[in-house]
Protein chains: 2
Amino acid sequence: MYGLIGKMRATPGQRDALLAILLDGTDAMPGCLSYVIAQDPADADAIWITEVWTDAGSHKASLSLPAVQQAIAKARSLIAGFDSHVETVPVGGHGLPSPR
Amino acid sequence: MYGLIGKMRATPGQRDALLAILLDGTDAMPGCLSYVIAQDPADADAIWITEVWTDAGSHKASLSLPAVQQAIAKARSLIAGFDSHVETVPVGGHGLPSPR
């Protein structure tokens, strides 16, 4: 599995608008096992995104999906930057689909 | 929802042993929607844990479960410390159970 943990920063006051675009653009991504979008309660412009994919290739391919391309285009002007971005290797836990 | 993103540090060389305990101790926790345990490929002793709970109370209650208490007791000597620990407010995404 391939994982990402990232902290995204919205332009001031635009977090809710950015969240709405992210929530709308994350359905039906092949190979995506988990994609959790969260507010940071201690940082009014910050969004945490934690992702689990079957492999790095599925994540990379998702960036070319029309729905994701459209979400990126709509979101771009609302993103001030990325505070952190970590790649991980998920090994298991609870709430992931069973291996097929 | 209530979320946690944490980076745990194993004592040198003990990451696999610590992972095994964590993987074993995270079944059947009431209110736990997602609990993903991951290696950090860039840091040989680091483990990332990302959690989603129905609410903060469910997370707090889980710490008293016998299986979790046993896992904590077994893991304690293998944990060197915590590099980061962030609380989040998950708002949605993909791969979480549908609201009931």
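Below is a short write-up of the structure.

Definitions and limits used
- Residues numbered from 1 in each chain as written.
- Chains lettered and ligands numbered in written order.
- Predicted model: local features only at pLDDT ≥ 70, side-chain atom pairs only at ≥ 80, totals over all residues.
- Heavy atoms only, no water.
- Buried < 20%, exposed > 50% of the residue type's maximum accessible area, 1.4 Å probe, protein only.
- Helix = DSSP H or I, 4+ residues; strand = E, 2+ residues; numbered from the N terminus.
- Arc of directions from axis to C-beta.
- Contact = heavy atoms within 4.5 Å.
- Buried area = accessible area lost by both parts, 1.4 Å probe.
- Salt bridge = Lys/Arg side-chain N within 4 Å of Asp/Glu carboxyl O.
- Polar contact = N/O pair within 3.5 Å; in protein donor to acceptor, adjacent residues only side chain to side chain.
- Nonpolar A, V, L, I, M, F, W, Y, C, P; charged D, E, K, R; others polar.
- Pairing = 2+ DSSP bridges.
- Least-squares fit on C-alpha atoms with pLDDT ≥ 70 in both.
- Axes fitted to C-alpha atoms, helices over the stretch in contact; angles between N-to-C directions.
- 1 Å grid on protein atoms, 1.4 Å probe; cavity = no way out; pocket = protein on both sides within 12 Å on 5 of 7 lines; lining within 4 Å.
- Points joined across faces, edges and corners; volume = space filled by probe spheres on them.

## Quick look at helix H3 (residues 66-75) of chain B
Residue and element names in this part refer to chain B.
Argument step 1. Of the positions making up H3, those classed as buried are Val68, Ala71 and Ala75. An end-on view of H3 places all buried positions within 60° of arc, on one side of the element. Set apart from the buried face of H3 by more than 90 degrees, the exposed residues are Pro66, Gln70, Ala73 and Lys74.
Argument step 2. Against the buried residues of H3 lie helix H1 (15-24), helix H2 (56-62) and strand E4 (79-94).

## What about the interface of chain A and chain B?
Argument step 1. On the side of chain B, 28 residues touch chain A, which itself brings 28 residues to the contact.
Argument step 2. Summed over the three residues of chain A that lose the most area to chain B, namely Val36(A), Val91(A) and His94(A), the buried surface amounts to 24% of that side.
Argument step 3. Put simply, chain A and chain B have zero salt bridges between them.
Argument step 4. Here chain A and chain B share 10 residue pairs in polar contact (both at pLDDT 80 or more) between them.
Argument step 5. Those elements that provide at least two residues to the side of chain A that touches chain B are helix H1 (15-24), strand E2 (32-39), strand E3 (46-53) and strand E4 (79-94) of chain A.
Argument step 6. Ranked by residues supplied to the side of chain A that touches chain B, first place goes to E4(A) with nine residues.
Argument step 7. Of the residues contributing to the side of chain A that touches chain B, the split by class is 17 nonpolar, nine polar and two charged.
Argument step 8. Pairing of E2(A) with E4(B) involves five bridges; the strand directions are antiparallel. In the strand pairing of E4(B), Val36(A) is matched with Gly93(B).

## Re the environment of Ile5(A)
Argument step 1. As for its position among the elements, Ile5(A) is in strand E1 (residues 2-10).
Argument step 2. Look at Ile5(A) and you get buried, because its relative accessible area is 4%.
Argument step 3. Note: C-alpha distance between Ile5(A) and Val36(A) (31 residues apart in sequence) is 9.7 Å.
Argument step 4. The contact partners of Ile5(A), leaving out residues within four places of it in the chain, are Trp48(A), Ile49(A), Thr50(A), Ser84(A), His85(A), Val86(A), Thr88(A), Ile5(B), Trp48(B) and Thr50(B).

## Quick notes on the relation of the copies chain A and chain B
Argument step 1. Laying chain A over chain B is done by rotating through 180° and shifting 0.0 Å along the axis; what remains is an RMSD of 0.0 Å. In symmetry terms, the pair is related by a two-fold rotation axis.
Argument step 2. Taken together, the interface assignments show that 100% of the residues at the interface of chain A recur at the interface of chain B, consistent with an identical surface on both copies.

## Details of the sheet that holds strand E3 (residues 46-53) of chain B
Argument step 1. Spatially, eight strands are ordered E1(A)-E3(A)-E2(A)-E4(B)-E1(B)-E3(B)-E2(B)-E4(A) in a closed barrel, and the strand pairing comes out antiparallel. Strand-to-strand twist of the sheet, defined as the mean angle between neighbouring strand axes without regard to direction, takes the value 35°.
Argument step 2. Here strand E2 (residues 32-39) of chain B runs beside E3(B); their pairing, made up of seven bridges, is antiparallel. What sits directly across from Tyr35(B), in E3(B), is Glu51(B).

## With respect to empty space enclosed by the protein
Argument step 1. Here the structure, examined in full by the defined rule, presents one cavity of 30 Å³ or more.
Argument step 2. In this model, the largest cavity occupies a volume close to 180 Å³.
Argument step 3. Lining the largest cavity are 24 residues, with Thr50(A), Glu51(A), Val36(B), Thr50(B) and Glu51(B) positioned closest to its centre.
Argument step 4. Among the residues making up the lining of the largest cavity, the classes are represented as 14 nonpolar, eight polar and two charged.

## Looking at the pairing of E3(A)
Residue and element names in this part refer to chain A.
Argument step 1. Within E3, eight of the eight residues are buried, leaving the element largely enclosed by the surrounding structure.
Argument step 2. Across the two faces of E3 the burial is the same, with Ala46, Trp48, Thr50 and Val52 and Ile47, Ile49, Glu51 and Trp53 all buried.
Argument step 3. Two strands pair when backbone bridges link them, and E1 and E3 are joined in this way by eight bridges, in the antiparallel orientation. Note on E3: the bridge partner recorded for Tyr2 is Trp53.

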